[in-house]
Amino acid sequence: MGRLGTLGLGVVLVALGATACQKSLPSGPSDLETGVTIYEDANYLGRSAHLTEDIRDLSDVRGPCEHYIAEGSGGRYVYDWNDCISSVRVAPGWRATLYRDDGYRDDALEITSDTPNLQLVTQHDCPKDGLNDCVTSIRVRRQ
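Residues numbered from 1 in each chain as written. Predicted model: local features only at pLDDT ≥ 70, side-chain atom pairs only at ≥ 80, totals over all residues. Heavy atoms only, no water.

**What to know about the overall build of the protein**
Where we set the bar: Going along the chain from the N terminus, every DSSP run of H or I of four or more residues is numbered as a helix, and every run of E of two or more is numbered as a strand. Any residue under 20% of the maximum accessible area for its type is buried, any over 50% is exposed, and the rest in between are partly exposed; the area is computed with a 1.4 Å probe on protein chains only. The method behind every accessible area is Shrake-Rupley, applied with a 1.4 Å probe, and residues are considered shielded solely by the protein chains displayed.
The helix and strand tally for the protein stands at zero helices and 10 strands. Looking at the 143 residues of the protein, the share that counts as buried comes to 45%. Only carbon and sulfur atoms are counted for the fraction: they give 45% of the accessible area of the protein, which is about 7600 Å².

Listed below in structure tokens is the structure:
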């Protein structure tokens, strides 16, 4: 597993059931100096996570959004960041590329400054408004 976080914070593993684990990300800092911060809601509201490295699949990272996964004759609920991002803050000198699919595929949006509402990003074919709640992978880079 790769390291996610800032200022030397490592990956925190959170057990979900007997066999599944998800990484957990640190909350967004109040003064953003490195990386990007993703938010659950528009206008930088709701739960947040601070990223300084790429995430290939946001469903692998524990987050605020509930998803049901069918398994055999039943299923289970998981909480992750997949299809859960509504706004993004970008530290000076950093950029983020948001992708609709895992593995950095499908529609992409590169941002180099704060984006308070992904609903207003209209050049994508997300079935929801704009690119709101349609991000599954993200690349984070220094410019």
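Next, the rest of the story.
**Topic: the sheet that holds strand S3 (residues 36-41)**
The following threshold applies: At least two bridges found by DSSP between two strands is the condition for calling them paired. Here, axes are lines fitted to C-alpha atoms. For helices the fit covers the stretch in contact, and angles between N-to-C directions go from 0 to 180 degrees.
As summarised here, the arrangement of the three strands in space is S4-S3-S7, forming an open sheet in which the pairing is antiparallel. Whereas interior strands pair on both sides, the edge strands pair on one side only; in this sheet they are strand S4 (45-51) and strand S7 (87-90). Ignoring strand direction, the axes of neighbouring strands in this sheet form an average angle of 20 degrees.

**As for the pairing of strand S8 (residues 94-101)**
In the sheet, S8 pairs with strand S10 (residues 137-142) via six bridges, with the strands oriented antiparallel. Residue pairing across strands places Trp 94 opposite Arg 142, the latter belonging to S10. Both S8 and strand S9 (residues 105-111) contribute to a ladder of five bridges, which runs antiparallel. Each bridged residue has a counterpart across the sheet, and for Leu 98 the counterpart in S9 is Leu 109.

**Let's talk about the sheet that holds S9**
Taken in spatial order, the three strands line up as S9-S8-S10 in an open sheet, and their pairing is antiparallel. The open sheet has two free edges, formed respectively by S9 and S10, since each of these has just one partner strand. Shown here is a sheet whose adjacent strand axes are inclined to one another by a mean of 20 degrees, direction ignored.

**Describing the pairing of S4**
Of the strand pairs in this sheet, S3 and S4 are connected by five bridges, and their pairing is antiparallel. Across the sheet, Tyr 39 pairs through a bridge with Ser 48, a residue of S4. Joining the antiparallel neighbours S3 and S4 is a turn of three residues, in which Asn 43 adopts a positive phi near 60 degrees.

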